[in-house]
Structure formats: C-alpha cells, structure tokens
Amino acid sequence: MPGMIATTVDIRGSWSAAVGVADTTTGRPRSTHERFRIGSVTKPFIATVVLQLQAEGRLDLDDTVERWLPGLVSGNGNDGSAVTVRQLLNHTSGVFDYGDDPGMGAVLFTPAFLSRRYDTYSLEQLVRIALAHPPVFAPGTSYRYSNTNYLLAGMIIERVTGRPYGEEVERRIIRPLGLTGTSVPGTTTALPRPHARGYSTLFGGSPTPLDVTELNPSMAGSAGGIVSTTADLTRFLSALMRGRLLPQAELDEMTAPGPHGSGGLGLGSGTLSCGVTVWGHDGGIHGSSTLALTTRDGRHVLAVNTNADWFRDKLPLAEAEFCGRPGPQGSQDPQGSQDPQGSQGRPS
C-alpha cells in the first residue's frame, strides 16, 4: 500500500492516524485531513435520503420503480412494475450491474481507462447499459449486489424531490451534520485539497499501479461518487445510528435483516470473532479503498482509507479495532454479503 489513514471514535474520544505516503514520487506523507473518493460508502448516504423521503410520506419503500420512473426499467425481461424501491436498496431486485457489461468493463478495468477516465455519464445512460441485459433473477427471489440499484435510487430521489440527488444529500446530511470535508462532485474530475494521489491496478487489468487521481466520478454516480474524510464518515455513521437522520421506524427498517442474506438497506452487518456486531459499508473506486463501520448504538465507529484500490482484506482492521486483536481465519466479514464485488476485485 502507498499509505493509509484512519479515524476511530469511542467512549474515550477520537483518534486519527496516517501512515505511508500520499505521493509515491515525492514521498509526501499521508495526512488525516485528506479528502478521498469513498466508492460504495456512498450507498448509506443514498439509502438515508430515500428513507427520509419515506418518513415524510413522499414515497414508500414498497412503491414500484415503475411508479417513479415509468417506462425506464423495461425490455430484455426487465419489468419496473415488479421491482420495489426496497429491493433496490437491499440488492434483491435482480437488475444487472452495469459494471459487468463487457463494453463498460473494457472502459473501466483495462488500460483504456486512462484515455476514457474523463468521460461523462448520466445516471440514465448507465442504467440503460445495464438494461441491455436480462435480470440475473426474478425480483425478490435472491440477492446479488448491483451498483445499478443505487443509480435507480438516485434517479428516484430526483423524481420525488425535483432536485439532483447530490443536492438532496448535501441539504439533508452534509450540511446538517457539518461534514465540511464531504461533497458530491458530480462530474468534477479533481479532488478537493488536501488529498493524496490515487493508485490503481484497474482491478486486475494492469500489472503495475497507475496514477488515476483525476477521473470523472459520474462513472459511479449515486452508487459511488461521493468524496469524504475519515472524520466525516465516523460522524455520519454515528449520527445515523443515534437517530439524528432518521426516525426510529425508518432506522429499524434500515438495519433489519433482509431476505436471502441481503442485510439492511444501504448497510451490511456482521459479527466479529469477539461477538461484536458492526454495521457499515466497504467502498472501492479507482485509486481509493475505504471501510466505514459502527456499532449499532453509534458509540464506536471506524473509518479507514488507502490511496490504492487493490486493498481488499479489511477484516483484520475491523477485528483489531472492535475486538482488540486480529480475528481468526474464517471470521464473518462485517460487510457480510452486502458487497461481494469487493471479493471479486471490482469497484464496489
């Protein structure tokens, strides 16, 4: 790894640390104040906004996708009238993951990425790439992680509110919690300062690490485009679990186990070797790998980032923080089945 930063918060206070380098050319050290791309740790933010809209009576988790995005999810066996908002959030929709499309994979996971990393994509464009494929199973009958689910969730937020999903995340979460290092960059290719350089092996597509610091995050959109800091992520998860963002009924729905081992809504959970259950999400995007976890009461929180996207085995970090020791081989992944793409080496 080039470098790593972490922040933890518990009943004794907060602690942050940085090791390694932010720039392998200059040797500049990493800093705990750095901004970074959080990949799929974006998903708990999006799920929170959707649940807030339900609490306000503006949508229902059991609404169909067809109700809010009429005619979009159709063709090739796809049927938006059979998919619910809830199924998007817990990945039981069966909708194909656009990143698994061979053409998109050639853009994202091969050296061609270097010449295509500034391309702009709309949410609808990425969704239509996914819908060129049949569903991987009938809605509600199984579980499979799909980034397309959260692109559709972002589009539903926009349809319900009349505003871009990023504005809703800022208005409902970032500003109320004072997350000064967090932003929804849209199509902005540069990271806000301070930041580390980001290094990528293109998820197995390159034999050597490449500098991919600048890229257009619209390739991830509402499934993985947010920028944050370790301090902000710990504040967000703690506030979420303490009920500052959702009424109790919606928070209970968010953390209730889903069918087919799907975990919660926008969150995964798992029990560590010492018996502690943690909630959170893993995130991977070109040049960045992130883990954010919390106990259910929000009193013990961890956020970790590496400025490299090939760091996959984060479980020992969770074991060390929440159990005080590395876990035995075979401990249950705290991410559970919520993010199996992480183990497959693709962005999450």
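Rules used in this analysis
Residues numbered from 1 in each chain as written. Predicted model: local features only at pLDDT ≥ 70, side-chain atom pairs only at ≥ 80, totals over all residues. Heavy atoms only, no water. Helix = DSSP H or I, 4+ residues; strand = E, 2+ residues; numbered from the N terminus. Buried < 20%, exposed > 50% of the residue type's maximum accessible area, 1.4 Å probe, protein only. Polar contact = N/O pair within 3.5 Å; in protein donor to acceptor, adjacent residues only side chain to side chain. Contact = heavy atoms within 4.5 Å. Core = buried A, V, L, I, M, F, W, Y, C linked by side-chain atoms within 4.5 Å. Salt bridge = Lys/Arg side-chain N within 4 Å of Asp/Glu carboxyl O. 1 Å grid on protein atoms, 1.4 Å probe; cavity = no way out; pocket = protein on both sides within 12 Å on 5 of 7 lines; lining within 4 Å. Points joined across faces, edges and corners; volume = space filled by probe spheres on them. Nonpolar A, V, L, I, M, F, W, Y, C, P; charged D, E, K, R; others polar. Pairing = 2+ DSSP bridges.

Inspection of the secondary structure assignment puts serine 200 in strand E6 (residues 199-200). With a relative accessible area of 0%, serine 200 lands in the buried category. In terms of polar contacts, serine 200 uses its side chain to reach the side chain of aspartate 309, at 2.4 Å. Those residues in contact with serine 200, other than ones at most four positions away along the chain, are Thr208, Pro209, Leu210, Val212, His286, Gly287, Asp309 and Trp310.

Our next topic: the nonpolar core. A general feature of soluble globular proteins is that nonpolar side chains tend to end up buried together. One finds Phe45, Phe236 and Leu240 to be the most contacted residues of the largest nonpolar core, which totals 73 residues. For this core, the leading source of residues is helix H7 (residues 147-161), giving eight residues. Leave out the neighbours within four places in its chain, and phenylalanine 236 touches Pro44, Phe45, Thr48, Ile173, Leu177, Leu179 and Leu245.

Residue arginine 193 is joined to proline 194 through a cis peptide bond whose omega torsion reads -5°. When you line up the elements, proline 194 lands in the loop between helix H8 (165-177) and E6. Residue leucine 202 is not a glycine yet carries a positive backbone phi of 55°. Among the structural elements, leucine 202 can be located in the loop between E6 and strand E7 (210-211). Judged by relative accessible area, leucine 202 falls into the buried class, the value being 0%. Within the chain, histidine 260 stands out as a residue other than glycine whose phi angle is a positive 60°. By the element assignment, histidine 260 lies in the loop between helix H10 (248-255) and strand E9 (268-271). Its relative accessible area of 43% is what places histidine 260 among the partly exposed residues.

A word on the pattern of salt bridges. When the charged atoms of two side chains with opposite charge come close together, those side chains can pair. Per the stated rule, a full pass over the model turns up 16 salt bridges. Glutamate 56 serves as the salt-bridge partner of arginine 58, at 3.6 Å between the closest nitrogen and oxygen. A relative accessible area of 42% means that glutamate 56 is categorised as partly exposed. The partner of aspartate 252 in a salt bridge is arginine 296, and the shortest N-O contact between them spans 3.7 Å. One end of the pair, aspartate 252, is in helix H10; the other, arginine 296, is in the loop between strand E11 (288-295) and strand E12 (301-306), with 44 residues separating them in the sequence.

Moving on to the environment of methionine 219. Positionally, methionine 219 belongs in the loop between E7 and strand E8 (227-228). As for methionine 219 and arginine 117, which are separated by 102 residues in sequence, their C-alpha atoms are 8.4 Å apart.

The next point concerns the environment of leucine 317. Here leucine 317 is to be found in helix H11 (residues 315-323). C-alpha of leucine 317 to C-alpha of leucine 293: the two residues are 24 residues apart in sequence and 10 Å apart in space. Discounting chain neighbours no more than four positions away, the residues touching leucine 317 are Met4, Leu302, Val304 and Phe311.

Another aspect to go through is empty space enclosed by the protein. Enumeration over the complete set of coordinates arrives at two cavities of 30 Å³ or more. By volume, the second largest cavity amounts to about 110 Å³. If you go around the second largest cavity, you meet 16 residues; those closest to its centre are Leu191, Ala196, Gly198, Gly287 and Ser288. The residue inventory of the lining of the second largest cavity, partitioned by class, reads four nonpolar, eight polar and four charged.

Bringing the pairing of E9 into the picture now. Residues Gly268 and Gly270 point to one face of E9 and are all buried, whereas Ser269 and Thr271, pointing to the other face, are not buried. Across four bridges, the pairing between E9 and strand E10 (residues 277-285) is antiparallel. Paired with threonine 271 across the two strands is threonine 277, which belongs to E10. Hairpin connection between E9 and E10: a loop of five residues separates the two successive antiparallel strands, and glycine 275 in this loop has a positive phi of roughly 95°.

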